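Listed below, chain by chain, are the residues.
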Amino acid sequence: GRDSAGNTNPSVVLPAGWEERQDANGRTYYVNHIARTTQWQHPGITEEGAAVTSLFEPPGDSEGEGETNRSDRQQYNRRNHMSVDENQRTARNSVSENSSVMENLHNLSLGGEAPPASGGSGHRSRTQSESDTTDAGQQARRQTSQTGPGGKQTPNNLNIEGLPSGWTMQVAPNGRVFFIDHISKKTTWVDPRNSRPSPLPSQSNVPNRRHQDDLGPLPEGWEERVHTDGRIFFIDHNTRITQWEDPRISNPQIAGQAVPYSRDYKRKYEYLKQQLKKPSNVPNKIEIKVRRNTILEDSYRQVHSIPSNKVDTLKTKLWIEFDGEVGLDYGGVAREWFYLLSKEMFNPYYGLFEYSATDNYTLQINPMSGVCNEDHLLYFKFIGRVAGMAVYHGKLLDGFFIRPFYKMMLGKSIELKDMESVDTEYFNSLIWIKENDPSELELAFQVDEENFGQTVSIELRPGGKETRVTNENKDEYIQLVIEWRFINRVRKQMDQFLAGFNELVPLNLIKIFDEGELELLMCGIGSIDVKDWKGNTVYKGDYHPNHIVIQWYWRVVLSFSNEMRSRLLQFVTGTSRVPMNGFKELYGSNGPQLFTIEKWGSPTNYPRAHTCFNRLDLPPYESYQQLRDKLIKAIEGSEGFAGVD
């Protein structure tokens, strides 16, 4: 109880049906379970401050004993039902000192069981989980009293060999082993024999878990549990806090590398946009109608057919229509057009580009493109126009080029180190020549190139076949090899690409960027940082960051591969690329528009996307697996923009 000054008065026993609790601020209040009311005043004290005599409290024989009883009662009665019979009270008061250790331990193991609920609704009546906690605590105390001063007996399946004197082992309700020091009356997760914490229990208690959803181990000292409402939360036993957010979202191995913010790039980009003036005396928009299965041919025919003196029409608003599909293009359909068209333009199947020797991801111009397509130079000018349109309209292409490609766009010289990421073997050979005397190799100023199974020798300079590479001229040889490898073989194709690009974006304007920034300007970022994505997402309807459906959604995203995350991003925004400075710079039809998730429909519906507004309409699914299955089917079957508003 509390006196008139607000201090707790443990000497006054609560009447039957009453319970003492503490709110989040540590204030004590009282719950009347019979009348279902709460109050600040102790029910056993009158307004004048006099204690009401209770038949349930035997007086202490001495002042010291009375103080001990009061301490025990305060320890056990708080947050427990007071409506117990005399026998139960007597048994509880007879528990040994080790009982308080066990109760503290029990509270520790359950202390992070669930994040505290907000609001005052919990003051009305005790929940089932609270009853379970109380019953479990009372059961632990009863078992402890039966074992005597030695405390609860150690289970047979635990290895107690080597434990110091006065120590025992127990298993917490979550299955984790802990250690009890009966001398200092403390509990710990750390094994006193080796100073290492006990292993965390398995996560088999988490529902709807499949092998493809395994995100790897939690950080040291963390545990995953399920709240009574089905939401998953996480306990940090190191700091004894709970949270809804999965701590693995901060692990770049799982969630993707963080995007470094670049103020220099942002200033350069804003300057570029200021210099790209909107044309006058042109129509308000240009309509481009294409079929999905022939998007490259249809786009080439319409974009390339525009004469150079009317190319400013490509700077007006783009209005893209896919044949047979209903859609209003406020920017989202145009993003998808760039995405799908670039995949076709850069597809090595058409022979215009090829993968670099190092991987099957970065692209370079195919020096033999003329053999594959007799109109290859016209196509390269068309591709240059499309790339210029993407930069002008703030869109991104789906493809990454080798670093020398961007250097050629900027008019920079290509160096030996640029070859390392393109052709490692060739790079190592040239490095050896640079660091050693190549005379013994008997090399000439020529290179061998394979054309359709035949080896052709090409002179790097006039009379190169007769000129030997020596220690004196090896630097010239290396530079000529680099120019042949990256410039001379594809000079005609590159000139046409730059001619088309320059019609939309003057080449002198992009020289403020370096080659790395130019890559980001044209193609964005390939890897996706889920933490940045989640931190720059807004919610509409009844959704909020801790809603169970939203928790399921982000867990699905975390379980996706980077390719699947890119497909999800493309499904919602129209592009699989992230802007240079991350998700906070996503653009919609009306300017900056963060990724948005809105509650919509019923669990029988599939998610739908509004690419113009970067919005995902997500139905309130009833389980994690249902959400995962529906989302994957929507991503894999997404073609068309029916219902876009």
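Residues numbered from 1 in each chain as written. Predicted model: local features only at pLDDT ≥ 70, side-chain atom pairs only at ≥ 80, totals over all residues. Heavy atoms only, no water.

Trainee: Looking at this structure, how should I read the overall build of the protein chain?
Mentor: Assigned secondary structure in the protein chain consists of 19 helices and 24 strands. Counting only residues that meet the buried cut, the protein chain has 46% of its 645 residues in that class. In the protein chain, the proportion of contacts linking residues at least 24 apart, taken out of those at least 6 apart, comes to 63%. As displayed, the protein chain has an accessible area near 32,500 Å², and 47% of this comes from carbon and sulfur atoms. (Helix = DSSP H or I, 4+ residues; strand = E, 2+ residues; numbered from the N terminus. Buried < 20%, exposed > 50% of the residue type's maximum accessible area, 1.4 Å probe, protein only. Contact = heavy atoms within 4.5 Å. Areas by Shrake-Rupley, 256 points an atom, 1.4 Å probe, with all protein chains shown as cover.)

Trainee: Sorry, what's going on with the packing of aromatic side chains here?
Mentor: To describe a pair of aromatic rings, you give the distance between the ring centres and the angle between the ring planes. Following the criterion strictly, the structure yields 22 aromatic pairs and no others. Ring centres 5.2 Å apart and planes at 85° place the aromatic pair Phe346 and Phe353 in the edge-to-face group. The ring of Trp484 has Arg489 lying over it, and the distance from NZ or CZ to the ring centre is 4.7 Å. Between Lys630 and the ring centre of Tyr606, over which it is positioned, the NZ or CZ distance is 4.3 Å. (Phe/Tyr/Trp six-rings, centres within 6.5 Å; stacked < 30°, edge-to-face > 60°. Lys NZ or Arg CZ within 6 Å of the ring centre and 35° of its normal.)

Trainee: I keep staring at empty space enclosed by the protein and nothing clicks. Help me out?
Mentor: To locate leftover empty space, one rolls a probe as large as a water molecule over the atoms. By the definition in use, this model includes 2 cavities of 30 Å³ or more. Estimated volume of the second largest cavity: approximately 110 Å³. Listing elements by their share of the lining of the second largest cavity, those giving two or more residues are strand E15 (362–365), helix H11 (403–410) and helix H13 (474–486). Sorting elements by how many residues they give to the lining of the second largest cavity places H11 first, with 3 residues. A breakdown of the residues in the lining of the second largest cavity according to their chemical character gives 9 nonpolar, 1 polar and 2 charged. (1 Å grid on protein atoms, 1.4 Å probe; cavity = no way out; pocket = protein on both sides within 12 Å on 5 of 7 lines; lining within 4 Å. Points joined across faces, edges and corners; volume = space filled by probe spheres on them. Nonpolar A, V, L, I, M, F, W, Y, C, P; charged D, E, K, R; others polar.)

Trainee: How should I be thinking about helix H10 (residues 376–392) in this particular structure?
Mentor: Along an α-helix, residues three or four apart share an orientation, since each turn contains 3.6 residues. Taking 1.5 Å per residue, 17 residues should reach 24 Å; H10 reaches 24 Å between its end C-alpha atoms and fits that length. Judged by how many residues are buried, H10 sits mostly within the fold: 14 of 17 residues are covered. (Expected span 1.5 Å × (residues − 1).)

Trainee: Even after reading the chapter, I still don't get the nonpolar core, so can you show me in this structure?
Mentor: Taken as a class, soluble globular proteins show a tendency for nonpolar side chains to be buried jointly. Core analysis: the largest hydrophobic core is formed by 79 residues, its most contacted members being Trp337, Phe382, Met409 and Met522. Setting aside residues up to four positions removed in sequence, Phe382 forms contacts with Leu296, Ser299, Tyr300, Val303, His304, Leu341 and Met345. By size, the runner-up hydrophobic cluster in this structure holds 37 residues, among which are Ile548, Val556, Leu618 and Tyr624. (Core = buried A, V, L, I, M, F, W, Y, C linked by side-chain atoms within 4.5 Å.)

Trainee: Looking at this structure, I do not really get the pattern of salt bridges. What am I missing?
Mentor: For side chains of opposite charge, pairing can occur when their charged atoms come near one another. Scanning all chains against the criterion turns up 29 salt bridges. Between Asp475 and Lys434 there is a salt bridge, with the nearest N and O atoms lying 3.8 Å from each other. Of this pair, Asp475 sits in helix H13 while Lys434 sits in helix H12 (residues 424–435), and the two are 41 residues apart along the sequence. (Salt bridge = Lys/Arg side-chain N within 4 Å of Asp/Glu carboxyl O.)

Trainee: Explain the environment of Leu594 to me, please; I cannot follow it from the model alone.
Mentor: Among the structural elements, Leu594 can be located in the loop between strand E21 (591–592) and strand E22 (595–599). In this structure the C-alpha to C-alpha distance between Leu594 and Arg615, which are 21 residues apart in sequence, comes to 8.5 Å. If near-sequence neighbours (up to four positions away) are discounted, Leu594 is found in contact with Asn536, Val538, Phe583, Lys584, Phe613 and Asn614.

Trainee: Would you take a moment to explain the pairing of strand E9 (residues 222–226) for this structure?
Mentor: The two faces of the sheet receive side chains in turn, since in a regular strand these alternate between them. Here E9 lies mainly inside the structure; 4 of its 5 residues are buried. Two strands pair when backbone bridges link them, and E9 and strand E10 (residues 232–236) are joined in this way by 5 bridges, in the antiparallel orientation. Paired with Val226 across the two strands is Ile232, which belongs to E10. The turn linking E9 back onto E10 is made up of 5 residues, and Gly230 within it adopts a positive phi angle of 95°. (Pairing = 2+ DSSP bridges.)

Trainee: Please clarify how the sheet that holds strand E16 (residues 400–401) should be interpreted in this entry.
Mentor: Think of a sheet as strands paired side by side through backbone hydrogen bonds, with each pair either parallel or antiparallel. An order of E14-E15-E16 is seen for the 3 strands of this open sheet, with the pairing classed as mixed. Here the strands that pair on one side only, and so sit at the sheet edges, are strand E14 (353–355) and E16. As defined by bridge partners, E15 adjoins E16 across 2 bridges and the pair is classed as parallel. For Thr362, the partnering residue across the bridge sits in E16 and is Phe400.

Trainee: When you look at the confidence of the model for the protein chain in this model, what are you seeing that I'm missing?
Mentor: Should pLDDT be low for a region, the predicted coordinates there are not to be read in detail. Here the protein chain averages 76 in pLDDT, while 72% of its residues score no lower than 70. Here residues 52–152 is a poorly scored stretch, pLDDT under 50, and it has 131 contacts once near neighbours within four places are set aside; other chains count. Low confidence marks residues 203–208, where pLDDT is under 50. Its contacts with residues over four positions away, or in another chain, come to 13 contacts. (pLDDT = per-residue confidence, 0-100.)

Trainee: In this structure, what is going on with the packing of H11 against helix H15 (residues 515–523)? I would like to understand it.
Mentor: In a packed pair of helices, the relevant descriptors are the angle between the two axes and the axis-to-axis distance. One way to put it is that H11 packs onto H15 with a least axis distance of 9 Å and a crossing angle of 95°. As the angle between them shows, H11 and H15 are arranged roughly perpendicular. Residue-level contacts link Arg403, Tyr406, Lys407, Met409 and Leu410 of H11 to Glu515, Gly516, Leu518, Glu519, Met522 and Cys523 of H15. Partitioned by chemical class, the residues of the contact of H11 with H15 number 6 nonpolar, 1 polar and 4 charged. (Axes fitted to C-alpha atoms, helices over the stretch in contact; angles between N-to-C directions. Parallel < 35°, antiparallel > 145°, perpendicular 65-115°, else oblique.)

Trainee: How should unusual backbone geometry be read in this particular structure?
Mentor: Most of the time, phi is negative for any residue but glycine, and the peptide bond is trans. Phi angles above zero are rare outside glycine, and Ser195 is one such case at about 60°. Relative to the assigned elements, Ser195 resides in the loop between strand E7 (190–191) and strand E8 (196–197). Although it is not a glycine, Asn614 sits at a positive phi angle of roughly 50°. Its relative accessible area of 0% is what places Asn614 among the buried residues.

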